[in-house]
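As a plain string of letters, each chain reads:
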Amino acid sequence: RKEVEQDPGPFNVPEGATVAFNCTYSNSASQSFFWYRQDCRKEPKLLMSVYSSGNEDGRFTAQLNRASQYISLLIRDSKLSDSATYLCVVNAGSARQLTFGSGTQLTVLP
Amino acid sequence: DTEVTQTPKHLVMGMTNKKSLKCEQHMGHRAMYWYKQKAKKPPELMFVYSYEKLSINESVPSRFSPECPNSSLLNLHLHALQPEDSALYLCASSQDAGGNYGYTFGSGTRLTVV
């Protein structure tokens, strides 16, 4: 089983749609969780950290379910500029480093 | 300064060449990383430096040689690479060695080995 698994997509949605991505992780000792965004041929950029209580940043909402070992990202009112690959990233605790999921590709269509 | 700066942005090198990739950060971060990313794949960890000491080497071939001259600089020396080493090489830094606050990535060096 991969340490971090994501649905690779692609997700093609119209502008204004709501889209949700899920990600599962295998290491129950994981402490830190993030969503990164990567545009084509660019570096990954931190979109948001994911906290136990859930957190929201504008149109973006992140949730963590420790019992089921998954995190989610909800994007409301999708914009064309949201088109990118979204990477789920988990810190496996102890001496481990951040582990990246394979990414979910999102295309928002006009 | 909240950036990680990588040079060069693009590099084409022959299989017999020796070249170096450079990375610099002035955020006072104590850990720095090299990642390799192939097209349509997630970044793969190569090396981790924590407090200027190499703490993780993910079984990277010896033709890749990292160096950390000081807490702000990280180099990756390349020698006798293969065409399959062509990729985007990303440098990152973090406040702590565990990445509990996430990583900041540089814009990468796009390497082509011919």
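Structure's up top.
Report on the accompanying structure.

**Brief notes about the pattern of salt bridges**
All names here are of chain A.
Here's step 1: Per the stated rule, a full pass over the model turns up six salt bridges over all chains.
Here's step 2: Across the pair Asp 82 and Arg 59 runs a salt bridge whose closest N-O atoms are separated by 2.8 Å. Here the residue Asp 82 occupies a position in the loop between β8 (70-75) and β9 (84-91), and Arg 59 occupies one in the loop between β6 (55-57) and β7 (60-65), the gap between them amounting to 23 residues.
Here's step 3: Between Lys 79 and Asp 77 there is a salt bridge; the shortest N-O distance is 2.9 Å.
Here's step 4: On the basis of relative accessibility, which here comes to 32%, the residue Lys 79 falls in the partly exposed class.

**With respect to unusual backbone geometry**
Here's step 1: Residue A:Pro10 is reached from A:Gly9 by a cis peptide bond, and omega for that bond is 10°.
Here's step 2: Examined against the element boundaries, A:Pro10 turns out to sit in the loop between β1 (4-6) and β2 (11-14).
Here's step 3: The omega angle of the peptide bond from B:Thr7 to B:Pro8 is -10°, so this bond is cis rather than trans.
Here's step 4: Within the secondary structure, B:Pro8 is located in the loop between β1 (4-7) and β2 (10-13).
Here's step 5: The residue B:Lys40 is not glycine, and still its phi comes out positive at about 60°.
Here's step 6: Mapped onto the elements of the fold, B:Lys40 is located in the loop between β4 (31-37) and β5 (44-50).
Here's step 7: Residue classification places B:Lys40 among the exposed positions, given a relative accessible area of 81%.
Here's step 8: A positive phi is found at B:Tyr51, a non-glycine position, where the angle reads about 50°.
Here's step 9: With respect to the helices and strands, B:Tyr51 occurs in the loop between β5 and β6 (53-57).
Here's step 10: On the accessibility criterion, B:Tyr51 (51% relative accessible area) is exposed.

**Focus: the side chain of A:Ser32**
Here's step 1: Among the secondary structure elements, A:Ser32 is positioned in strand β4 (residues 32-38).
Here's step 2: A distance of 3.0 Å separates a polar atom in the side chain of A:Ser32 from a polar atom in the side chain of B:Asn100.
Here's step 3: Sequence-distant contacts of A:Ser32, that is, excluding residues within four places in its chain, are made with A:Val89, A:Val90, A:Asn91 and B:Asn100.

**Comments concerning empty space enclosed by the protein**
Residues and elements named next belong to chain B.
Here's step 1: Throughout the structure, instances matching the rule amount to two cavities of 30 Å³ or more.
Here's step 2: Looking at the largest cavity, the residues that line it are His 29, Arg 30, Ala 31, Met 32, Tyr 49, Ser 50, Tyr 51, Glu 52, Cys 68 and Ser 71.
Here's step 3: Secondary structure elements with two or more residues in the lining of the largest cavity: β4 and β5.
Here's step 4: Considered class by class, the residues forming the lining of the largest cavity number five nonpolar, three polar and two charged.

**Observations regarding the interface of chain A and chain B**
Here's step 1: Taken together, the contact pairs 18 residues of chain A with 22 residues of chain B.
Here's step 2: Both faces combined, the contact of chain A with chain B buries some 1,500 Å², and carbon together with sulfur accounts for 50% of it.
Here's step 3: Considering only the side of chain A, the residues that lose the most area to chain B are A:Glu43, A:Gln97 and A:Phe100, jointly responsible for 35% of the buried surface there.
Here's step 4: Run the count over chain A and chain B and you get zero salt bridges.

**Points about the nonpolar core**
Here's step 1: With 23 residues, the main nonpolar core has A:Phe21, A:Trp35, A:Ile71, A:Leu73, A:Ile75, A:Tyr86 and A:Leu106 as its most contacted residues.
Here's step 2: Going through the elements one at a time, β3 (19-25), β4, β7, β8, β9 and β11 (104-109) of chain A are the ones with two or more residues in this core.
Here's step 3: Sequence-distant contacts of A:Ile71, defined by excluding residues within four places in its chain, comprise A:Phe21, A:Asn22, A:Cys23, A:Tyr25, A:Phe33, A:Phe34, A:Trp35, A:Val50, A:Gln63, A:Leu64 and A:Cys88.
Here's step 4: Grouped together as the second largest cluster of nonpolar side chains are 22 residues, B:Met32, B:Phe64, B:Leu76 and B:Leu111 included.

**Here's the deal with the sheet that holds strand β3 (residues 18-25) of chain B**
Residue and element names in this part refer to chain B.
Here's step 1: Judged by pairing direction, the sheet is antiparallel, and its four strands sit side by side in the order β1-β3-β8-β7 without closing on themselves. Sheet topology places β1 and β7 (64-70) at the edges, where each strand pairs with a single neighbour. Each strand axis lies, on average, 20° off the axis of its neighbour in the sheet, ignoring direction.

Cut-offs used in this document
- Residues numbered from 1 in each chain as written.
- Chains lettered and ligands numbered in written order.
- Predicted model: local features only at pLDDT ≥ 70, side-chain atom pairs only at ≥ 80, totals over all residues.
- Heavy atoms only, no water.
- Salt bridge = Lys/Arg side-chain N within 4 Å of Asp/Glu carboxyl O.
- Helix = DSSP H or I, 4+ residues; strand = E, 2+ residues; numbered from the N terminus.
- Buried < 20%, exposed > 50% of the residue type's maximum accessible area, 1.4 Å probe, protein only.
- Polar contact = N/O pair within 3.5 Å; in protein donor to acceptor, adjacent residues only side chain to side chain.
- Contact = heavy atoms within 4.5 Å.
- 1 Å grid on protein atoms, 1.4 Å probe; cavity = no way out; pocket = protein on both sides within 12 Å on 5 of 7 lines; lining within 4 Å.
- Points joined across faces, edges and corners; volume = space filled by probe spheres on them.
- Nonpolar A, V, L, I, M, F, W, Y, C, P; charged D, E, K, R; others polar.
- Buried area = accessible area lost by both parts, 1.4 Å probe.
- Core = buried A, V, L, I, M, F, W, Y, C linked by side-chain atoms within 4.5 Å.
- Pairing = 2+ DSSP bridges.
- Axes fitted to C-alpha atoms, helices over the stretch in contact; angles between N-to-C directions.

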